[in-house]
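Structural overview
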Amino acid sequence: MKIILIGFMGAGKSCIGRLLARKLHLPFFDMDKLVVKKSGRKNINEIFQKDGETFFRNLELTIAKNLKYNKKSCVATGGGVVINNNIMNLLKNQKSDIVVFLKTSLKTINNRLKNTHDRPHFSDRKNTEKLFKDRSPLYKFYADIIVSTDNKELNNITGEIIERINSV
Ligand code: S3P
């Protein structure tokens with residue numbers, strides 16, 4: 001079983017994924033981190049600035065291809081993977097794989113991200129709102145399980161995910 005966490009920027013995919021993996025004794029993979037490592041750049045902003053978004057998306061695809069072989073794992077994706085059907089199909093490639101959508105309100109996201117600087121798509125409020133509107137149906141489309149994260153502790157969120165996975 002592979003658990004794939006999807007959701008908008010700031011939904012908590014990395015933090016929740018790390019804790020969930022620890023609780024379930026699964027190896028954890030953070031796609032954003034793997035993309036940065038593969039690019040040789042310092043961070044995501046630098047990849048967007050120097051290589052462009054298309055290059056970044058191609059790196060995401062390469063990482064998804066590599067992760068295909070990690071049958072038992074927990075994967076935190078980047079918020080944009082749902083715009084690429086190929087990436088989603090590579091990530092969810094076994095019947096037992098489960099896609100978990102971490103649902104978070106735009107208000108919570110704005111609060112969580114206001115002091116962060118490594119998200120090229122979070123620079124302008126209007127753009128963020130548009131992305132949120134455009135992507136929300138995509139997250140729902142790919143989700144096997146939807147878990148809301150607003151005003152919840154990490155421990156409770158991971159507990160809820162485990163309960164829901166066990167009842168699928
Ligand atoms: C992106 C989300 C980011 C990162 C990149 C692009 C997006 O990941 O992959 O900045 O298009 O929504 P997080 O969701 O971890 O912030």
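Described in the following lines is the structure provided in the data block. All values reported here derive from a predicted model rather than from experimental measurement.

**Re the side chain of K13**
In this fold, K13 is placed in helix α1 (residues 13-24). A polar contact of 2.9 Å, which involves the side chain of K13, links it to the backbone oxygen of G7. At 3.0 Å, the side chain of K13 and the backbone oxygen of F8 are in polar contact.

**Examining the site of the ligand**
If you check the shell around the ligand, you find 13 residues, and the closest are K13, D32, R57, R119 and R135. In this structure, an oxygen atom belonging to the ligand sits 2.8 Å away from a main-chain N or O atom of G79. Between the ligand and G80 there is a distance of 3.5 Å, counted from an oxygen atom to a backbone nitrogen or oxygen. The protein chains hide 97% of the 380 Å² of surface that the ligand would expose on its own.

**What to know about the packing of helix α2 (residues 31-39) against helix α4 (residues 53-67)**
Two elements in contact, α2 and α4, have axes separated by 9 Å at closest approach and are oriented at 110°. Overall, the two elements α2 and α4 adopt an arrangement that is roughly perpendicular. Seen from above, α2 lies across α4 with right-handed handedness. Contacts between α2 and α4 pair M31, D32, L34, V35, K38 and S39 from the former with F56, L59, E60, T62, I63, A64 and L67 from the latter. For the contact of α2 with α4, the class distribution of residues is 8 nonpolar, 2 polar and 3 charged.

**With respect to the packing of helix α6 (residues 106-113) against helix α7 (residues 125-142)**
Across the interface, α6 lies against α7 with an axial gap of 11 Å and an inter-helix angle of 135°. In terms of axis orientation, α6 runs oblique to α7. As α6 packs across α7, the resulting crossing turns out to be right-handed. Residues L106, I109 and N110 of α6 form the contact with α7, whose own contacting residues are R125, T128, E129 and F132. The residue inventory of the contact of α6 with α7, partitioned by class, reads 3 nonpolar, 2 polar and 2 charged.

Reading the values: rules and limits
Residues numbered from 1 in each chain as written. Predicted model: local features only at pLDDT ≥ 70, side-chain atom pairs only at ≥ 80, totals over all residues. Heavy atoms only, no water. Helix = DSSP H or I, 4+ residues; strand = E, 2+ residues; numbered from the N terminus. Polar contact = N/O pair within 3.5 Å; in protein donor to acceptor, adjacent residues only side chain to side chain. Near = heavy atom within 4 Å. Areas by Shrake-Rupley, 256 points an atom, 1.4 Å probe, with all protein chains shown as cover. Axes fitted to C-alpha atoms, helices over the stretch in contact; angles between N-to-C directions. Parallel < 35°, antiparallel > 145°, perpendicular 65-115°, else oblique. Left-handed = near helix turned anticlockwise from the far one by under 90°. Contact = heavy atoms within 4.5 Å. Nonpolar A, V, L, I, M, F, W, Y, C, P; charged D, E, K, R; others polar.

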